[in-house]
Amino acid sequence: MAKIEDILEIPAYSMNKEEKSRWLTERLKQLSLKHRESCEEYSKILKALNINTEEAESYYDLPFLPVRLFKELDLKSTDKENIFKTMTSSGTTGQKVSKIYLDRITASNQQKALSKIVSEFTGKSRMPMLIIDSPAVIKNRAMFSARGAGILGFSIFGTDKQYALNENMEPDFDKVQEFLEKHKGKKILVFGFTFMIWQYFYKELKKKSSSIDLSNGIMIHGGGWKKVANEAVSPEEFRDSIHSVCGLSHIHDYYGMVEQTGCIYMQCEYGHLHASNFSDVIIRNTKDFSVCGVNEKGVIQAVSAIPESYPGHSLITEDEGVLLGEDDCPCGRYGKYFKVLGRVKDAEIRGCSDTYEKH
């Protein structure tokens, strides 16, 4: 039996293609069976598609749900009394949001997977943490948005936490400076969502005549590329711009979604997004969903070994991407590495973690 506990004990990028394929196939078949038995809606979908998941030879052959289905249906594979936390995607005004129901086991495994993945890039020691956001975003602890969930999830890597923005989304550079003085000489973890960092931190910092020294920092950011790209800002320009105002050199983007929290795809030193032991991506042709080869553009399917309380283990996203290779990235990490190109044409425009409207 493929136990998630066993994989959570080993380094996050240690399984080669053959090992990972065997393990993921067994684990995802188990999850498909569990969700078929425990989630009525998922069972109906499999029945309508006439799919027997137990006969699948590979996880590539298992069915995938459209990620937007979580906006239309309440998909859960656990009893109501077992729900520990409900997470929601961020949405623009008037849009439906995804609702993800977590039991304690799934929530705990999400946190463990996230810890394993991120510590490969930051080291095992916790660091003083500068959060480029407002504390207001996590006030409702019962229902987490993508932004709130991201902040709370990454907070496990921080010791002393300081928010860089006030409740009106205005930067408080005096407080940031005090925080940096307090932790002078230490490594600092800087976390935020891409658009928030660009709009409310970088742009405001650029206006200032004095600079903030974050040269000893490690920045992790994700989500919200659409708004930044609308300003014709490339990932390279983003990194160069941040470096120019605060000296930050270690900057890692990540790709992830609230529907598969914990299984994020971190960007390595060579600018590649990586799948860990706990997850994988399959690039599929947008016309017939056949599997694309290396350097062929297609829609991203994301699989995760973590979700037990809801059927989110195999999802077709609304993002386009390109597979760059597997097990042979110059950074030395095993697993697939890839690039996200943006939204699939004509896909629903949805609010991401960058959504913020001033009232």
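Residues numbered from 1 in each chain as written. Predicted model: local features only at pLDDT ≥ 70, side-chain atom pairs only at ≥ 80, totals over all residues. Heavy atoms only, no water.

Draft legend 1. Looking closely at the overall build of the protein chain. When you go through the protein chain residue by residue, the secondary structure sums to 10 helices and 15 strands. The C-alpha atoms of the protein chain give 20 Å as radius of gyration, which agrees with the globular expectation for 359 residues (21 Å, within 12%). By principal-axis analysis of the C-alpha atoms, the protein chain measures approximately 65 × 45 × 40 Å. The buried share of the protein chain, reckoned over its 359 residues, is 52%. (Helix = DSSP H or I, 4+ residues; strand = E, 2+ residues; numbered from the N terminus. Rg over C-alpha atoms; globule rule 2.2 N^0.38 Å. Buried < 20%, exposed > 50% of the residue type's maximum accessible area, 1.4 Å probe, protein only.)

Draft legend 2. A look at the side chain of Asn277. Looking at where Asn277 falls in the secondary structure, it is placed in the loop between strand E11 (273-274) and strand E12 (279-284). Non-local contacts of Asn277, meaning those with residues more than four positions away in its chain, are made with Ile7, Ile10, Pro11, Ala12, Tyr13, Ser14, Met15, Lys20, Trp23 and Leu24. (Contact = heavy atoms within 4.5 Å.)

Draft legend 3. Expanded view of the pattern of salt bridges. Tallying each qualifying case throughout the model produces 14 salt bridges. For Glu308, the salt bridge is made with Arg27, and the minimal N-O distance between the two is 2.9 Å. Of this pair, Glu308 sits in the loop between strand E13 (297-304) and strand E14 (314-326) while Arg27 is found in helix H2 (residues 17-38), placing the two residues 281 residues apart along the sequence. Comparing Glu308 with Arg27, the two get one shared label, buried. Here Lys207 makes a salt bridge to Glu204, at a shortest N to O gap of 3.2 Å. One end of the pair, Lys207, and the other, Glu204, are both in helix H8 (residues 194-207), 3 residues apart, so they sit about a helical turn from each other. By relative accessible area, Lys207 is classed as exposed at 64%. The partly exposed category is assigned to Glu204, whose relative accessible area is 27%. The network of salt bridges with shared partners includes Arg68, Glu318, Asp319 and Arg343. (Salt bridge = Lys/Arg side-chain N within 4 Å of Asp/Glu carboxyl O.)

Draft legend 4. Spatial organisation of the packing of aromatic side chains. Overall, the coordinates contain 16 aromatic pairs when judged by the stated rule. Seen from their ring centres, Phe70 and Tyr310 are 6.0 Å apart, and the 80° between their planes marks the pair as edge-to-face. Note that Phe70 is positioned in helix H4 (residues 69-72) and Tyr310 in the loop between E13 and E14, a separation of 240 residues in sequence. Exposure remark for Phe70: the relative accessible area of 1% places this residue in the buried category. (Phe/Tyr/Trp six-rings, centres within 6.5 Å; stacked < 30°, edge-to-face > 60°.)

Draft legend 5. Spatial organisation of the environment of Glu57. Inspection of the secondary structure puts Glu57 in the loop between helix H3 (40-49) and strand E1 (65-66). For Glu57 and Arg22, which are 35 residues apart along the polypeptide, the C-alpha to C-alpha distance reads 9.7 Å.

Draft legend 6. Spotlight on the environment of Ser314. Its place among the elements puts Ser314 in strand E14. The class for Ser314 is buried, based on a relative accessible area of 4%. In the structure, Ser314 is positioned 252 residues away from Leu62 in sequence and 7.9 Å away in space, judged by C-alpha atoms. Beyond its immediate chain neighbours, meaning those up to four positions away, Ser314 contacts Pro63, Phe64, Leu65, Gln260, Gln301, Ala302 and Val303.

Honestly, it's all geometry; don't read function into it.
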